[in-house]
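# Topology and contacts: notes
Spelled out, the chains give:
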Amino acid sequence: MNKKYIILLLASATLGLASCSPFQVKSDYAETANFNEYKTYKLRIDDLKMNDIDQDRVLNEVSKQLQMKGMSVSETPDLIVNVKANHKKVQDIQSNRPYGMYGWGGPFGWGVGMNRTWTSNYNQGALILDLIDARTQKLVWQGVGSGISVDSPKSKQKQIPEIVAEIMANYPPNRMK
């Protein structure tokens, strides 16, 4: 085969795999909100069930993302950013098809086969970002992301900035969709 074709195919496959996200992210917003009016914010923590290290990571990353969007921190903000986090226990069950030797009659006859099933238990975390209009005290935007590996400190250190960035990629909402 042509070398250029193979290189292009490998580059496309690599790019496709790199763009796959391990997170599930969604957002919703109030259609009546004017997001161009929001220039300042203040962080609020109502239900952030995580240790101090992860809490600092989340709050710093949320602030970083908002500041990249041109917003600044204020004691009299336009938006109140309420950050929540939780986690749940997940049980992953995997099974493979029977394999082995079959006796008389082929695969539909009698014989010996083996089926393997195994489980793994882990905690999966989620972040919820509520953006509340400070003047009306109404929720104007919400972003939710789940899929953080809560049990691994190294994974959390890497995943928290990634998931916050993915959540905040939907703010401000694109109303043309």
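See the structure printed just above.
Just so it is clear, the structure is predicted and the values come from calculations on it, not from any experiment. (Residues numbered from 1 in each chain as written. Predicted model: local features only at pLDDT ≥ 70, side-chain atom pairs only at ≥ 80, totals over all residues. Heavy atoms only, no water.)

Turning next to the side chain of D133. The residue D133 is located in strand 5 (residues 117-133) in this model. No salt bridge is formed by the buried D133; the nearest opposite charge belongs to R135, separated by 4.5 Å. Polar contacts involving the side chain of D133 include one to the side chain of Y38, which spans 2.7 Å. In terms of polar contacts, D133 uses its side chain to reach the backbone amide nitrogen of T136, at 3.1 Å. When neighbours within four sequence positions are excluded, D133 is seen to be in contact with Y38, D78, L79, K138 and V140. (Helix = DSSP H or I, 4+ residues; strand = E, 2+ residues; numbered from the N terminus. Buried < 20%, exposed > 50% of the residue type's maximum accessible area, 1.4 Å probe, protein only. Lys, Arg positive; Asp, Glu negative; His and termini not counted. Salt bridge = Lys/Arg side-chain N within 4 Å of Asp/Glu carboxyl O. Polar contact = N/O pair within 3.5 Å; in protein donor to acceptor, adjacent residues only side chain to side chain. Contact = heavy atoms within 4.5 Å.)

Across all of its chains, the model carries four aromatic pairs by this definition. Aromatic side chains Y29 and F35 sit 6.1 Å apart centroid to centroid with 75 degrees between the ring planes, which places their arrangement in the edge-to-face category. Relative accessible area serves as the criterion here: at 26%, Y29 is assigned to the partly exposed category. Between the aromatic rings of F35 and Y171, the centroid separation amounts to 5.6 Å while the plane-to-plane angle is 80 degrees, which identifies the pairing as edge-to-face. Of this pair, F35 sits in the loop between strand 1 (24-29) and strand 2 (40-48) while Y171 is found in the segment after helix 3 (153-168), placing the two residues 136 residues apart along the sequence. (Phe/Tyr/Trp six-rings, centres within 6.5 Å; stacked < 30°, edge-to-face > 60°.)

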